[in-house]
Amino acid sequence: MTALALWCTRHRLLVVVTWALVLLGLGAGTLAKGSAYNSSFALSGTDSTQAQQLLDSAFPGHEGDTVDLVWHVDSGTVRAASVESSVDHVVNEMTSAHYVQSVQSPYTPGGAGQISADGKTAYASIDLDDAASGLSSAEANDLITMAHSAAHTGLQVELGGSAVSGALQTPAEDSEVVGMAAAAIVLFLAFGSLFSMLLPILTAAAGVGGGLLTVGLLSHGLNIAGFAPTLGALVGLGVGIDYALFIVTRHRRGLTDGLPIDTSIGQAVTTSGRAVLFAGGTVCVALLGMLVLGIGFLDGVAVATALTVAVTVLAALTLLPAMLSFLGPRALSRRQRRQQPGPALTRVRAARIAAVSVPRGLWHRWADVVHRRPRALSLLALLLMVVLAIPTLTLRLGTADAGDDPAGSTTHQAYEMLASGFGPGFNGSLTVAVQTTGAQQQGQVAHLVDELSRTPGVAGAVEQASVPKGAGAVDVINVIPTTSPQSSATTDLLSELREHVIPAATAGTGLHAHVGGLVATNADFASVLGSKLPLFLAVIVGLSFLLLLLAFRSLLIPLTAAVMNLLAAAAAFGVVTAFFQWGWGSSALGMGGSGPVEAFLPVMLIAILFGLSMDYQVFLVSRMHEEWRRAGCTTRAVKLGQVETSRVITAAATIMICVFCSFAVGSQRVIGEFGIGLAAAVLLDAFVLRTVLVPAAMHLFGRWNWWLPRWLDRPLPRLTVEPSPIEGLLVIPEPLPTPVFLGARRPAIPGFPLPSALAKAMPSLPGLPTLPKPAAAAAGEAKLPG
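The rules behind each value
Residues numbered from 1 in each chain as written. Predicted model: local features only at pLDDT ≥ 70, side-chain atom pairs only at ≥ 80, totals over all residues. Heavy atoms only, no water. Axes fitted to C-alpha atoms, helices over the stretch in contact; angles between N-to-C directions. Helix = DSSP H or I, 4+ residues; strand = E, 2+ residues; numbered from the N terminus. Parallel < 35°, antiparallel > 145°, perpendicular 65-115°, else oblique. Left-handed = near helix turned anticlockwise from the far one by under 90°. Contact = heavy atoms within 4.5 Å. Nonpolar A, V, L, I, M, F, W, Y, C, P; charged D, E, K, R; others polar. Phe/Tyr/Trp six-rings, centres within 6.5 Å; stacked < 30°, edge-to-face > 60°. Buried < 20%, exposed > 50% of the residue type's maximum accessible area, 1.4 Å probe, protein only. Lys NZ or Arg CZ within 6 Å of the ring centre and 35° of its normal. Expected span 1.5 Å × (residues − 1). Arc of directions from axis to C-beta. Pairing = 2+ DSSP bridges. Polar contact = N/O pair within 3.5 Å; in protein donor to acceptor, adjacent residues only side chain to side chain. Patch = residues over 30% accessible without salt bridge, like charges linked within 9 Å, V, L, I, M, F, W, Y side chains within 5 Å. Areas by Shrake-Rupley, 256 points an atom, 1.4 Å probe, with all protein chains shown as cover. Salt bridge = Lys/Arg side-chain N within 4 Å of Asp/Glu carboxyl O. Lys, Arg positive; Asp, Glu negative; His and termini not counted. Charge placed at Lys NZ, Arg CZ, Asp CG, Glu CD. pLDDT = per-residue confidence, 0-100.

## Section: the packing of helix H1 (residues 2–10) against helix H10 (residues 261–288)
- Running from N to C, H1 and H10 point in directions that differ by 140 degrees, and their axes come no closer than 8 Å. Classified by the interaxial angle, the pair formed by H1 and H10 is oblique. Remark: the crossing between H1 and H10 carries right-handed chirality. Judged by residue contacts, Thr 2, Ala 5 and Thr 9 of H1 engage Asp 262, Ile 265, Gly 266, Val 269 and Thr 270 from H10.
- Looking at the contact of H1 with H10 residue by residue, the class counts come to 3 nonpolar, 4 polar and 1 charged.

What follows is the structure, encoded as structure tokens:
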């Protein structure tokens with residue numbers, strides 16, 4: 001780390017130019033090749049996937065999304081000449097669009113089923129070209145403009161479908177701008193310097209930009225979901241700004257202690273940079289833990305998000321030191337630069353501060369409170385987390401339908417018009433694909449249709465098509481439930497059809513029937529993820545435990561971290577459940593009413609939460625561990641670590657919360673769930689767990705915090721977050737100054753206090769000056785036991 005920091009500062013222009021050229025090259029590649037995101041939920045081996053495979057074989061070339069053009073008249077019927085003329089004009093206009101494959105109008109022969117029984121509502125199915133199934137925002141707006149052009153007094157025309165709703169969400173770029181603006185305000189308040197405010201934002205922007213451009217190119221060879229870039233930007237901006245904040249804060253402290261600029265940068269990268277590298281690695285490990293699930297849809301999202309985080313870490317460790325070297329003393333505010341003492345005094349003061357001082361102020365007083373009342377505060381913090389986690393007990397996984405889109409959106413109004421005209425289950429029909437092996441089985445297909453129609457919860461079942469295939473055929477049966485797509489009753493009906501109705505109706509007939517459609521696919525996806533969630537939790541918790549065990553040589557610290565992370569995840573799920581499933585906040589956020597939580601949210605949210613929680617755990621405990629190794633007193637180590645890191649952790653958490661909330665407001669519902677869940681988790685993690693529960697628990701455990709059995713310690717490899725004393729010395733490029741002794745035995749190089757074990761092992765050197773401990777520092781040290 002030291003060598004990397006020194007190289008980046010000495011070749012700062014080369015580093016900045018290299019980053020600029022790489023970003024330009026990735027941007028040019030993206031413009032040339034574009035992206036190929038794919039949001040298919042298909043899972044191999046499930047009933048819905050087998051149904052889709054049958055449909056694809058029967059209808060090749062019809063794999064694009066479908067958009068519904070829906071219209072409703074207040075009086076008369078949709079068969080009126082004026083209505084038909086207006087709609088036909090729009091249908092012809094849409095058919096000519098290059099991204100539309102075909103339009104199936106109710107005014108054509110065989111289209112009577114697309115008109116409601118009362119004649120007041122009708123729809124046309126718009127099949128999009130498979131090569132352009134993902135509508136852009138401009139294309140979606142063009143279709144909406146065409147649709148609305150047919151509306152007049154008494155005629156309402158709207159456009160529905162997931163392709164439209166996805167294209168009309170708030171662009172990720174808007175959320176990024178809002179998030180960065182909020183982060184800039186927090187950074188300016190924390191630093192009081194315009195330049196120090198800009199550096200973390202520029203670093204995070206470069207890292208996220210490089211990561212997302214790379215992900216776009218990777219999408220041509222890897223199945224990556226369409227929302228993966230937004231999720232990557234959400235996580236990447238949050239951690240990227242935080243990582244840069246940690247390093248800049250440490251560098252500013254080195255400057256105020258009187259260290260030369262390059263030395264201060266080197267020390268910051270060698271200390272905080274190590275914590276950033278370790279924390280970023282844990283985030284990537286947690287995200288890549290999703291690969292054990294073996295679900296292609298999540299594999300791409302995991303790789304995309306982890307890659308974005310990795311590039312932000314690289315930017316923090318290379319680009320940021322180079323820019324700090326360009327910035328020089330302007331990393332400090334004007335007031336701080338005016339108050340800097342002369343070089344001779346700063347060397348002595350730096351040694352004293354590093355060896356004995358404890359920062360005073362609000363966080364010092366709060367650390368005293370936590371030290372005096374660890375049991376009471378632990379119980380209060382635990383009670384708060386448990387109360388927030390209670391809604392998790394009612395968590396229902398699924399996929400929200402267009403009924404949860406904002407009330408004024410065209411997709412929501414189209415959904416309501418179809419539900420009113422054709423029934424609530426029309427928006428989520430089930431498709432039964434039946435494979436026959438001979439013409440004599442057609443009568444048995446008709447029997448299956450009758451059995452499906454008589455099933456409670458089914459509004460109607462009709463055979464839509466029969467496509468010859470080999471000696472037999474593929475028959476398509478459309479089953480319309482009586483309940484909405486996101487209703488739990490619809491999911492229960494799906495299980496009833498698969499487990500009882502279809503097996504009983506096809507027994508001994510040789511028919512092979514599978515239930516597919518969007519509702520069935522989402523249900524299968526939720527079922528598969530639910531069954532693999534215990535394995536995923538075991539992998540994530542186990543990896544996190546192992547990394548912390550290696551870093552801090554302790555059993556209690558990783559065990560405490562695992563429990564804290566699970567508490568944060570449970571409380572975050574509770575907040576998400578209340579906001580979205582109970583509908584307490586989703587309407588106000590512009591994401592519709594109450595509905596189920598996305599099926600893949602638990603897996604992805606847990607992976608991200610464990611990674612982010614490890615950031616704060618490493619930053620907090622590494623400072624405690626560093627002081628414990630130096631002084632050997634747990635109480636002093638816990639209090640000093642809490643005092644020195646709480647301000648930075650809470651500032652970093654505030655930035656993350658602002659970024660996550662900016663992505664949540666007015667965005668896609670799934671991104672909103674991620675944003676609110678992550679914001680709640682970070683808020684609780686930073687302001688409850690890391691400032692109350694973790695230090696209180698460590699005070700209660702005492703020296704047991706650092707206990708590791710010898711039989712386990714010997715075979716474990718060494719992995720340290722804090723730099724070694726020798727590495728710390730290497731960051732000083734000029735000749736070492738005369739060492740200064742604080743007390744009788746312990747030598748200290750300015751800015752780099754040596755551990756007691758190393759100090760005792762050093763030979764005595766005659767003729768070196770000895771300074772008494774300052775009275776103020778001695779008084780401060782006396783208040784800390786040990």
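There is more to say, and it comes next.
## Examining unusual backbone geometry
- Unlike most non-glycine residues, Arg 553 shows phi in positive territory, near 50 degrees.
- Inspection of the secondary structure puts Arg 553 in the loop between helix H19 (518–552) and helix H20 (556–581).

## A look at the packing of aromatic side chains
- In total, this model carries 8 aromatic pairs according to the counting rule given.
- Summarising the aromatic geometry, the rings of Tyr 123 and Phe 422 are spaced 5.5 Å apart at their centres and angled 80 degrees between planes, so their arrangement reads as edge-to-face. A residue pair is termed long-range when its members are at least 10 positions apart, and Tyr 123 in strand E3 (residues 121–128) and Phe 422 in helix H16 (residues 410–422) qualify at 299 residues. Like Tyr 123, the residue Phe 422 is buried in the burial classification.
- Counting every residue linked through ring pairs, the aromatic cluster contains Tyr 123, Phe 422 and Phe 426.
- Taking the ring centre of Phe 326 as reference, the NZ or CZ of Arg 12 above it sits at 4.7 Å.

## Notes on helix H5 (residues 137–149)
- Between its first and last C-alpha atoms H5 spans 18 Å; for 13 residues at 1.5 Å apiece the expected length is 18 Å, and the two agree.
- Every buried residue of H5 is listed here: Glu 139, Ala 140, Leu 143, Ile 144, Met 146 and Ala 147. Projection of H5 onto a plane perpendicular to its axis shows the buried side chains occupying an angular sector of 160 degrees, all on one side.

## Brief notes about the pairing of strand E6 (residues 430–436)
- Within E6, 6 of the 7 residues are buried, which leaves it mostly tucked inside the rest of the structure.
- Bridge count for E6 against strand E8 (residues 472–481) is 7 bridges, and the pairing is antiparallel. Note on E8: the bridge partner recorded for Val 434 is Asp 475.
- With 5 bridges joining them, E6 and strand E9 (residues 512–516) adopt antiparallel strand pairing. From the neighbouring strand, Val 432 faces E9, where its bridge partner is Val 515.

## Side note on the environment of Asp 685
- Note that Asp 685 resides in helix H23 (residues 669–701).
- Separated by 121 residues in sequence, Asp 685 and Met 564 have C-alpha atoms that sit 8.1 Å apart.
- Asp 685 has contacts with Asn 565, Ala 568, Ser 613, Tyr 616 and Arg 690, leaving out every residue within four places of it along the chain.
- Polar contacts involving the side chain of Asp 685 include one to the side chain of Arg 690, which spans 2.7 Å.

## Examining the sheet that holds strand E2 (residues 100–104)
- Pairing is antiparallel across the open sheet formed by 4 strands, whose spatial order is E2-E3-E1-E4. Strands at the two margins of the open sheet, each flanked by one partner only, are E2 and strand E4 (155–160). Neighbour to neighbour, the strand axes of the sheet diverge by 20 degrees on average, direction disregarded.
- Note that strand E1 (residues 66–73) and E3 share 7 bridges and pair antiparallel. Within E3, the residue paired with Thr 66 across the bridge is Asp 127.
- Strand contacts of H16: E1, E3 and E4, with the helix running at about 110 degrees to E4, the strand carrying the most contacts.

## A look at a positive patch on the surface
- A surface patch of like charges, here positive, comprises Arg 330, Arg 334, Arg 335, Arg 337 and Arg 338.
- Among the structural elements, Arg 338 can be located in helix H12 (residues 334–338).

## Digging into the sheet that holds E8
- Strand order across the open sheet formed by 4 strands is E7-E8-E6-E9, with antiparallel pairing between neighbours. Pairing within the sheet leaves two strands with one partner each, and these edge strands are strand E7 (458–469) and E9. Ignoring strand direction, the axes of neighbouring strands in this sheet form an average angle of 20 degrees.
- Packing against the sheet, helix H17 (residues 442–453) makes contact with E6, E7, E8 and E9, and its axis sits at approximately 160 degrees to E7.

## Focus on a nonpolar patch on the surface
- On the surface, Ile 185, Phe 188, Leu 189, Leu 194, Phe 195, Leu 198 and Leu 202 cluster together into a nonpolar patch covering about 690 Å² of accessible area.
- Sorting the residues of the nonpolar patch by element identifies helix H7 (172–191) and helix H8 (194–218) as the ones contributing at least two each.
- At 4 residues, H8 tops the list of elements feeding residues into the nonpolar patch.
- Position of Leu 202 relative to the elements: it lies in helix H8.

## Looking at the confidence of the model for the protein
- Of the residues in the protein, 85% have a pLDDT of 70 or more, and the chain-wide mean is 81.
- A low-confidence stretch, residues 344–357 (pLDDT under 50), is modelled with 29 contacts involving residues beyond four sequence positions or located in other chains.
- Throughout residues 724–786 the model reports pLDDT below 50, and contacts reaching past four residues in sequence, or to other chains, amount to 89 contacts.

## Structural notes on the pattern of salt bridges
- In this structure the tally under the stated criterion is 11 salt bridges.
- For Glu 644, the salt bridge identified is with Arg 253, shortest N-O distance 3.4 Å. In this pair, Glu 644 is assigned in helix H22 (residues 634–664) and Arg 253 in helix H9 (residues 228–256), connecting sequence segments 391 residues apart.
- A relative accessible area of 33% places Arg 253 in the partly exposed class.
- Of the charged contacts, one joins Arg 623 and Glu 644 as a salt bridge, the two residues approaching to 2.5 Å between their closest N and O atoms.

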